[in-house]
Structure formats: structure tokens, C-alpha cells
Amino acid sequence: MFGGSHSGTVLDGEAVIVVDGVISFEAAQSRAASAPARALRLAERHPALPVVWDVLALPGQDMRGRPYEERRAAMLDVVGRLPEPSRIQAVSASDDPDVARAWYDSLIDAGVEGVVAKRATSTYRPGRSSSWQKVRHAETVDADVVGYTGPALRPKALAVRLPDGRTALTQKLTARLAALVGPHLAATGPAGRAHTDAGDRYTVAPPGLVIEVLAGTTRHAVVTATRLR
């Protein structure tokens, strides 16, 4: 998420990175976790593209209590008036279910995980909201834990080997899951360092630990650890 301001305007959205024509969440995670010098090199190789999907404020005006259809119209007006060339783009939207289904089916190859359905009358609420629903291409699978980041007793993320053979870092673990996994990692001790397919460094863990993860079906999808097997 990001908040961009210009003369009192605040936009809500996300910076995405496209690698070989596909949105790469792993590339975004890797850049966020990199030292400044490495992050700069990555940015030069694959610049980020800001995509906005909402407006929180206009000059002297709080928009969060307005219905989504009104906020979207204001957002499109703001983006349309940005000086050219501008890398900021508005997310596509439609009130036609057939168009949404077509996007859901066709955009997976571009790294788009799914679609989001929002009520036109909904107000803006930070975080998850009952007024919108994310429908994504994802499946729950078992993955071998090959390493971790952070301290062994309270790991920040896990390096896992997925069924398709790729090695990736999970998103940040919940406190509960980190507490469950930590004793297993600390009991054996570290066994060197390695890198994921995206180049993220992690501490190697001995084999034998398996977790359930929610892994997108796209090649660069985000991996979320759900429970210890």
C-alpha cells in the first residue's frame, strides 16, 4: 500500500513490479527487504509502477465517508489530470459481471492473482472490510521448510520449497505460527545460509519440517504460511 499526496490529495494503492511481462510480488518483497544500494540497482533494472484504486482525501476534503462510486470518479479525475508522462495508473474496474469473469480468467498469465468485488455504496475503511471481497487464483498445498529469516525461536518468515520446485519466502508469519515453528528450528540449530529463487537470503533449516501454505497459481505469486503440518 502507499499514500501519495499532491496539493492535499491522498491516494491509496500499491507499487507493482513487472518482470518479463509478469507482475512479480517476489521482486517487490525482495526490493523492500534490500539494503539501499541493492534496492537502487533493482529499481533501475525493473522500475516500480504505482497503481491506485482509491482516493482518501482531496484538498480540504475527507473522502473516506463518501461512497466508493463517488470516490472512484474523483480518483479518475485526479489521475487524468496528472502531468504527462505519469507512471501512476488507475486500476481497472467494471460493474459488468461478465467483464469481471473475463479478467479473472485471462489476467492470471500476467501475474494478476484475482479480482476484488466492492459495493458501490461502501465507504472507505482501512484493512479488511465486509463490503469487499477478494476472489483470487490460489490453492493450499504442503511445502517443505528449507530455511527461515530472523531469529530461530521467533522467525519472521520461512523459506519453503513448493511442489513446483521453486523456493520462496513466505509472507511475515503470524505471532502464533512463529511460536509454533520456532522451537523446531531452534532445536536443531542453523546450518548455513542460502538464497531463494528470487535472491532472498535465509538461514538453512534441516529437512523434516512441513507447513501448509496458500500459494498462488502464478509463477510469481505471494506465498502465505497458514499452519504447521
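Keep in mind it's a predicted model, so treat the numbers as computed, not measured.

Draft legend 1. How the structure looks around the overall build of the protein chain. Of regular secondary structure, the protein chain possesses five helices and 15 strands. Put simply, the protein chain has 229 residues, and 37% of those count as buried. Considering only intrachain contacts with a sequence separation of at least 6, the fraction spanning at least 24 residues in the protein chain is 56%. A total of about 13,100 Å² of accessible surface is found on the protein chain, and carbon and sulfur atoms cover 54% of it.

Draft legend 2. The arrangement of the environment of Ala-157 in detail. By secondary structure assignment, the location of Ala-157 is in strand β10 (residues 157-161). By relative accessible area, which is 7% here, Ala-157 ends up buried. Measuring from C-alpha to C-alpha, the distance between Ala-157 and Thr-174 comes to 9.2 Å, with 17 residues separating the pair along the chain. In contact with Ala-157, not counting residues within four places along its chain, are Tyr-148, Thr-149, Thr-170, Gln-171 and Leu-173.

Draft legend 3. Inspection of the environment of Ser-130 at higher detail. Here Ser-130 is to be found in the loop between β7 (114-118) and β8 (132-136). A relative accessible area of 68% places Ser-130 in the exposed class. Separated by 11 residues in the primary sequence, Ser-130 and Arg-119 have C-alpha atoms spaced 9.5 Å apart.

Draft legend 4. Representation of the confidence of the model for the protein chain. When pLDDT is averaged along the protein chain, the result is 84; 89% of the residues meet or exceed 70. Mean pLDDT values over the elements of the protein chain span from 52, in strand β1 (residues 2-6), up to 95, in helix α3 (residues 68-80).

Draft legend 5. Spatial organisation of the side chain of Thr-170. Here Thr-170 shows up in the loop between β11 (167-169) and α5 (175-188). When its relative accessible area of 4% is taken as the criterion, Thr-170 is described as buried. Leaving out residues up to four positions away in the same chain, Thr-170 has contacts with Ala-157, Leu-158, Val-160, Ile-211, Val-223 and Ala-225.

Draft legend 6. How the structure looks around the environment of Pro-97. Note that Pro-97 resides in helix α4 (residues 97-106). In this structure Pro-97 comes out as partly exposed when scored by relative accessible area, which is 49%. A C-alpha to C-alpha distance of 9.8 Å links Pro-97 and Ala-117, two positions 20 residues apart in sequence.

Draft legend 7. Region of interest: the pattern of salt bridges. In total, this model carries six salt bridges according to the counting rule given. Of the charged contacts, one joins Asp-98 and Arg-101 as a salt bridge, the two residues approaching to 3.0 Å between their closest N and O atoms. Remark: Arg-101 and Asp-98 occur in helix α4; sequence separation between them is three residues, near one turn of the helix. Overall, the relative accessible area of 54% leaves Asp-98 in the exposed class.

Draft legend 8. Inspection of α3 at higher detail. For α3, built from 13 residues, the straight-helix expectation of 18 Å at 1.5 Å per residue is met to within 8% by its first-to-last C-alpha distance of 18 Å. For α3, every residue scored as buried is listed here: Tyr-68, Arg-71, Arg-72, Ala-74, Met-75, Val-78 and Val-79. The buried residues of α3 occupy one face: seen down the axis, they fall within an arc of 165 degrees. Away from its buried face by more than 90 degrees, α3 exposes Glu-69 and Gly-80.

Draft legend 9. Region of interest: the nonpolar core. Of all hydrophobic cores here, the largest spans 20 residues; its most connected members are Leu-158, Val-160, Leu-185, Ile-211 and Val-213. When contributions to this core are tallied by element, the ones reaching two or more residues are β9 (138-149), β10, α5, β14 (210-216) and β15 (223-228). Formed by 10 residues, the second largest nonpolar core is a distinct cluster that contains Leu-11, Val-52, Met-63 and Ala-74.

Draft legend 10. Focus on the pairing of strand β4 (residues 48-58). Among the 11 residues of β4, eight are classified as buried, and the element is accordingly described as predominantly covered. Of the pairings in the sheet, the one linking strand β2 (residues 9-19) to β4 comprises eight bridges and is antiparallel in character. Directly across from Asp-12, in β4, lies its bridge partner Asp-54. Summarising the sheet, β4 and strand β6 (residues 89-90) pair through two bridges and their orientation is parallel. If you follow Val-52 over to β6, its bridge partner there is Ala-90. Alignment of β4 against strand β5 (residues 61-62), held across two bridges, turns out to be antiparallel.

What counts and what doesn't
Residues numbered from 1 in each chain as written. Predicted model: local features only at pLDDT ≥ 70, side-chain atom pairs only at ≥ 80, totals over all residues. Heavy atoms only, no water. Helix = DSSP H or I, 4+ residues; strand = E, 2+ residues; numbered from the N terminus. Buried < 20%, exposed > 50% of the residue type's maximum accessible area, 1.4 Å probe, protein only. Contact = heavy atoms within 4.5 Å. Areas by Shrake-Rupley, 256 points an atom, 1.4 Å probe, with all protein chains shown as cover. pLDDT = per-residue confidence, 0-100. Salt bridge = Lys/Arg side-chain N within 4 Å of Asp/Glu carboxyl O. Expected span 1.5 Å × (residues − 1). Arc of directions from axis to C-beta. Core = buried A, V, L, I, M, F, W, Y, C linked by side-chain atoms within 4.5 Å. Pairing = 2+ DSSP bridges.

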